[in-house]
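A closer look at the structure
What follows is each chain in one-letter form.
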Amino acid sequence: MNFRIIYNQTEDNIVVVGEFEEYKHEEQLMEFLNLLQKQNFYITFLEANIVPRNIVEKLFTLQEDGRCTIFVLERYLYSYLQNLGIKCKYTEAHWCFNKLENKLPNEKQTLNKEDVYIFLNELNNVYGYDYTDYQIDSISRRINVAMIKEGICDFALFKHKVLNNQKLFHNLFLDFSINTTEFFRDPEVFALIKNKILPYLDSYNHIKIWCAGCSTGKEVYSLAIMLEEAGMLGKTQIYATDLNPYVIEEGKNGMYSTGTLDKDINNYRNAQGEKSFIQYFDITKGYIKVKSELMKNILFFHHSLLSNGTLNEFNLILCRNVFIYFNDGLQEKILRNFYNSLDNNGFLVLGKSEGIQRNNGEKYFCKYDEKLKVYTRIYS
Ligand SMILES: C[S@@+](CC[C@H](N)C(=O)[O-])C[C@H]1O[C@@H](n2cnc3c(N)ncnc32)[C@H](O)[C@@H]1O
């Protein structure tokens, strides 16, 4: 579907059709911002899951002045805006969502693992997304949640609908993607990166880091802050990738709710941050926005760890809290890919509940700090 902005002057109604992308729709961006000079109006976003940073900022100020009412039809955009403190109305007819979500524990069904596996194969055949090597229990839980959100109790019916309706698959895809993240998550890992890994990497003229499964970017910006404080950000290129395209857009926007600020500051201190956490952000009433200096050397892009191609030659790869969703075979495949993507002396950092024992990872990596799940590539 083509992207369009429709303005109905008599009703003061602006409707945005399709996904709003900053670089593809530069002209429309200006047109849209011009329309927002008016006094009182309605904006409806049809089919957009995320909107560019300058629109989010504009919406925020318009709302503060009480000048517009925002409607959204996609639940991803709804939670993104709400999370940033922008009030909007969710208009999709998922009448049962809130009512049923509270009932989750009672409504939960035990899905047969083999049926789920067959369904995952069918999803791969129809939509080309392969979840067959994800942890089956975790995927089954997500399917359960999705069934409840759609108000469907029968798995066979749910399967049929998802396989025949791209929109339903899209919602399921978002339910499969668990994007929990924080600034300086597990601060002691960042302290080790700061005290041990960065001094080592500083001997290079140019440093390449891959943050795989980066979610909305908080981990990436935490790393950028550490590099900045070590005086190394200027010579570093960070590649930040994720399967979910919307978290990638959130990462590019670099806007986050102030709701977790106390925890963020605490984590930063525990990670031995040397300055003040908030100096890296522009702060408004509702949200914080990463300063542009910090964003310069970061490239966010959509990428699946299941794809075979390697990205190389990295000095450091972070892939934290992503392996927990994969079975051992897939973990091994990805570890092999990381091995091929790292330079000879490269480091790998996994999440604290992950490791290299059960997935043959010891073929590719040696322990550097087992407790913090930091590894070095076996020399070849
Ligand atoms: C729990 S978050 C972890 C975020 C961050 N690394 C951290 O530790 O704070 C897991 C992320 O992995 C991503 N993911 C899941 N499967 C993936 C795949 N096949 N390829 C790339 N990313 C994937 C999800 O979209 C999600 O954003």
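Residues numbered from 1 in each chain as written. Predicted model: local features only at pLDDT ≥ 70, side-chain atom pairs only at ≥ 80, totals over all residues. Heavy atoms only, no water.

Here the focus is the overall build of the protein. Of the regular secondary structure elements, the protein holds 15 helices and 15 strands. For 380 residues, the compact-globule estimate of 2.2 N^0.38 gives 21 Å, and the C-alpha radius of gyration of the protein, at 22 Å, lies within 12% of that figure. By principal-axis analysis of the C-alpha atoms, the protein measures approximately 70 × 50 × 35 Å. Residues classed as buried in the protein amount to 53% of the 380 residues present. Excluding contacts between residues fewer than 6 apart, the proportion of contacts in the protein whose partners are at least 24 apart in sequence is 73%. Surface exposure of the protein reaches about 17,600 Å², of which carbon and sulfur atoms provide 47%. Each charge class in the protein was averaged separately, 43 positive and 48 negative side chains, and the resulting centres sit 3 Å apart. (Helix = DSSP H or I, 4+ residues; strand = E, 2+ residues; numbered from the N terminus. Rg over C-alpha atoms; globule rule 2.2 N^0.38 Å. Buried < 20%, exposed > 50% of the residue type's maximum accessible area, 1.4 Å probe, protein only. Contact = heavy atoms within 4.5 Å. Areas by Shrake-Rupley, 256 points an atom, 1.4 Å probe, with all protein chains shown as cover. Lys, Arg positive; Asp, Glu negative; His and termini not counted. Charge placed at Lys NZ, Arg CZ, Asp CG, Glu CD.)

Looking at where Thr216 falls in the secondary structure, it is placed in the loop between strand S6 (207-212) and helix H11 (218-229). Judged by its relative accessible area of 9%, Thr216 falls in the buried class. Look past the residues within four positions of Thr216 in its chain and what remains in contact with it is Thr181, Val247, Glu250, Gly251 and Tyr256.

A few words now on the sheet that holds strand S4 (residues 68-72). Pairing is mixed across the open sheet formed by five strands, whose spatial order is S1-S2-S3-S4-S5. Whereas interior strands pair on both sides, the edge strands pair on one side only; in this sheet they are strand S1 (4-8) and strand S5 (89-90). On top of the sheet, helix H1 (residues 26-35) reaches S1, strand S2 (13-17) and strand S3 (41-46); it is set at about 25° to S1, its chief contact. (Pairing = 2+ DSSP bridges. Axes fitted to C-alpha atoms, helices over the stretch in contact; angles between N-to-C directions.)

Before going further, it helps to examine the pattern of salt bridges. Applying the stated criterion across every chain yields a total of 20 salt bridges. In this structure, the salt-bridge partner of Arg358 is Asp328, at a minimum N-O distance of 3.1 Å. Here the residue Arg358 occupies a position in the loop between strand S13 (342-350) and strand S14 (365-369), and Asp328 occupies one in helix H15 (residues 328-341), the gap between them amounting to 30 residues. Residue class for Arg358 comes out exposed when judged on its relative accessible area of 66%. (Salt bridge = Lys/Arg side-chain N within 4 Å of Asp/Glu carboxyl O.)

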